[in-house]
Amino acid sequence: MNFLLKNKSIFLLAIIIFFAILLRFYKIYEYPICVDGDAASMAMKVKEIAKDFSAYKNVTHDWTSLHFFLIAFYIKIFKDSLFALRLFSSLEGILEVFFIYLMVKEFFSKELALVSMALLAFNPLHLHNSRTGLGVINMTSSSCLSIFLLFKGIKRKNLWLIFFSGVVCAIA
């Protein structure tokens, strides 16, 4: 208990991450209720890619390559299911909650970072985008990580961090 009192920010960080995970995976099969439009189209294309990775050259959408290949990887593991389609978006949403913490802590303070993290973890729009299976959440989480790495690299005069910031932008 003494450890928790001394490190309450770590405890709050863990609690917020726990709730972010819980909210993004709770009844992931049921909410959002249907898969239609872009999500259905992407699911069909990802099924083709999961069968044969060379099918990617036929993709005509403007979604990111990383998103397609990782969802195809999850479909190979978890078979053809709604969970496999939505898993990557949920994981990206959880990571973005943590990336927001890192970014705001770097620019402002630890307290403001915890508040920002909590607001994002419970944001209904972010929850929805984290559960749809679309690539929307991939772009926002990659942007947060890239901005964090870029400014951390500039502040520390570390070319490797700046380089990895560019890599994150390129693969996103």
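Residues numbered from 1 in each chain as written. Predicted model: local features only at pLDDT ≥ 70, side-chain atom pairs only at ≥ 80, totals over all residues. Heavy atoms only, no water.

**Student:** Can you explain the overall build of the chain? Please cite residues and give values.
**Tutor:** If you tally the helices and strands in the chain, you get 9 helices and 0 strands. Burial analysis of the chain (172 residues in total) assigns 43% to the buried set. Excluding contacts between residues fewer than 6 apart, the proportion of contacts in the chain whose partners are at least 24 apart in sequence is 66%. Total accessible area on the chain is roughly 10000 Å²; 70% of this is exposed by carbon and sulfur atoms. (Helix = DSSP H or I, 4+ residues; strand = E, 2+ residues; numbered from the N terminus. Buried < 20%, exposed > 50% of the residue type's maximum accessible area, 1.4 Å probe, protein only. Contact = heavy atoms within 4.5 Å. Areas by Shrake-Rupley, 256 points an atom, 1.4 Å probe, with all protein chains shown as cover.)

**Student:** Explain helix α9 (residues 159-171) to me, and be specific about the residues and the numbers.
**Tutor:** Taking 1.5 Å of rise per residue, the 13 residues of α9 would be expected to cover 18 Å, and the 18 Å separating its terminal C-alpha atoms lies within 8% of that figure. Taken together, the buried positions of α9 are L161, S165 and V168. Burial along α9 is one-sided: seen end-on, the buried residues are contained in an arc of 60°. Within α9, the exposed residues directed more than 90 degrees away from the buried face are L159, W160 and A170. Those residues of α9 hidden inside the fold are in contact with α8 (136-156). (Expected span 1.5 Å × (residues − 1). Arc of directions from axis to C-beta.)

**Student:** Can you lay out the pattern of salt bridges for me, pointing to particular residues and giving the numbers?
**Tutor:** According to the stated counting rule, one finds 2 salt bridges in the structure shown. With its nearest N and O atoms 2.9 Å apart, the salt bridge here joins K152 to E106. A residue pair is termed long-range when its members are at least 10 positions apart, and K152 in helix α8 and E106 in helix α5 (residues 82-107) qualify at 46 residues. Exposure remark for K152: the relative accessible area of 18% places this residue in the buried category. (Salt bridge = Lys/Arg side-chain N within 4 Å of Asp/Glu carboxyl O.)

**Student:** Could you give an account of the nonpolar core, with specific residues and numbers?
**Tutor:** In terms of nonpolar packing, the biggest core is built from 21 residues, with I16, V97, I100, Y101 and M117 touching the most fellow members. Of all the secondary-structure elements, those providing two or more residues to this core are α2 (8-25), α5, α6 (110-121), α8 and α9. Excluding residues that lie within four positions of it along the chain, I16 makes contacts with V97, L114, M117, A118 and A121. Of all hydrophobic cores here, the second largest spans 9 residues; its members include I28, Y74, F83 and F88. (Core = buried A, V, L, I, M, F, W, Y, C linked by side-chain atoms within 4.5 Å.)

**Student:** For α6, give the residues involved together with the corresponding values.
**Tutor:** In a regular helix each residue adds 1.5 Å, so 12 residues correspond to 16 Å; α6 covers 16 Å between its end C-alpha atoms and thus fits that length. Buried residues of α6: A113, L114, S116, M117, L120 and A121, and no others. Taken down its axis, α6 places every buried residue within 165° of arc, on the same side. With respect to the buried face of α6, the exposed residues turned more than 90 degrees away are E111 and L119. Considering only its buried residues, α6 is in contact with α2, α5 and α7 (124-131).

**Student:** Break down the packing of α2 against α7 for me, with residues and values.
**Tutor:** Viewed as axis vectors pointing N to C, α2 and α7 meet at an angle of 60°, and their least axial separation amounts to 9 Å. Relative to α7, the element α2 is oriented oblique. Seen from above, α2 lies across α7 with right-handed handedness. Here L23, R24 and F25 of α2 come into contact with α7, specifically with H126, L127, S130 and R131. (Axes fitted to C-alpha atoms, helices over the stretch in contact; angles between N-to-C directions. Parallel < 35°, antiparallel > 145°, perpendicular 65-115°, else oblique. Left-handed = near helix turned anticlockwise from the far one by under 90°.)

**Student:** Any chance you could break down the environment of L95 for me, citing the residues and the numbers?
**Tutor:** Among the structural elements, L95 can be located in helix α5. Judged by its relative accessible area of 40%, L95 is partly exposed. C-alpha of L95 to C-alpha of I137: the two residues are 42 residues apart in sequence and 10.0 Å apart in space.

Coordinates in, geometry out; function isn't part of it.
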